[in-house]
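Descriptive structure summary
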Amino acid sequence: MTGWIPTVAVYFVIWWTVLFIALPFGLKTQDDDKNVTLGTEASAPRGPHMLRAIIITTILAFVIYGAFYYLTRVLGLGFDDFPKFVPDYQ
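**Notes on the overall build of the protein chain**
- Along the backbone of the protein chain there are four helices and zero strands.
- Ordered by position from the N terminus, the helices and strands of the protein chain form the series α-α-α-α.
- The C-alpha radius of gyration computed for the protein chain amounts to 20 Å, which surpasses the reference 12 Å derived for 90 residues by more than 25%, pointing to a less compact arrangement than a globule.
- Principal-axis analysis of the C-alpha atoms gives the protein chain an extent of 60 × 40 × 15 Å.
- Relative to its full complement of 90 residues, the protein chain shows a buried share of 16%.
- Considering only contacts within the protein chain whose residues lie at least 6 apart along the sequence, 55% involve residues at least 24 apart.

Below is the structure:
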């Protein structure tokens, strides 16, 4: 990656993936409180939690991108190096 556009694109893909991983963690449902609002599902969130999920996602995506940058730019690993990690069982 030599420009800022591929950098932003890779970070965006990592961020979006981590968002879907982080969304269910720490979620309190209306059923947990035994206070279900009429007309909603019992599994609906109790209150807003998106700001916390976005902050956690941003931090985790930054750490994952940092590891990706270290592996690709500092150590110089690429897709061609993956066969070297898999043992040859012949």
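**Let's talk about the nonpolar core**
- With six residues, the main nonpolar core is built from Ile-14, Trp-15, Val-18, Leu-19, Ala-61 and Tyr-65.
- Where this core is concerned, the elements lending two or more residues are helix H1 (4-22) and helix H3 (50-74).
- At four residues, H1 tops the list of elements feeding residues into this core.

**Regarding the confidence of the model for the protein chain**
- Here the protein chain averages 88 in pLDDT, and 93% of its residues register 70 or above.
- By mean pLDDT, helix H4 (residues 82-85) is the weakest element of the protein chain at 68, and H1 is the strongest at 94.

**Overview of the packing of aromatic side chains**
- All told, the structure shown has five aromatic pairs when counted by the stated rule.
- An angle of 35° between the planes, with centres 5.9 Å apart, marks the rings of Trp-15 and Trp-16 as tilted.
- On the basis of an interplanar angle of 85° and a centroid distance of 5.6 Å, the ring pair of Trp-16 and Phe-20 is categorised as edge-to-face. One end of the pair is Trp-16 and the other is Phe-20, both in helix H1 and four residues apart, which spans about a single turn.
- Overall, Phe-20 belongs to the exposed group, its relative accessible area being 51%.
- Three or more aromatic residues joined by ring pairs form one cluster here, namely Phe-12, Trp-15, Trp-16 and Phe-20.

**With respect to the environment of Leu-60**
- Tracing the backbone through its elements, the reader meets Leu-60 in helix H3.
- Here Leu-60 falls in the partly exposed class, since its relative accessible area comes to 40%.
- For the pair Leu-60 and Trp-15, spaced 45 residues apart in sequence, the C-alpha separation works out to 8.0 Å.

Procedures and definitions
Residues numbered from 1 in each chain as written. Predicted model: local features only at pLDDT ≥ 70, side-chain atom pairs only at ≥ 80, totals over all residues. Heavy atoms only, no water. Helix = DSSP H or I, 4+ residues; strand = E, 2+ residues; numbered from the N terminus. Rg over C-alpha atoms; globule rule 2.2 N^0.38 Å. Buried < 20%, exposed > 50% of the residue type's maximum accessible area, 1.4 Å probe, protein only. Contact = heavy atoms within 4.5 Å. Core = buried A, V, L, I, M, F, W, Y, C linked by side-chain atoms within 4.5 Å. pLDDT = per-residue confidence, 0-100. Phe/Tyr/Trp six-rings, centres within 6.5 Å; stacked < 30°, edge-to-face > 60°.

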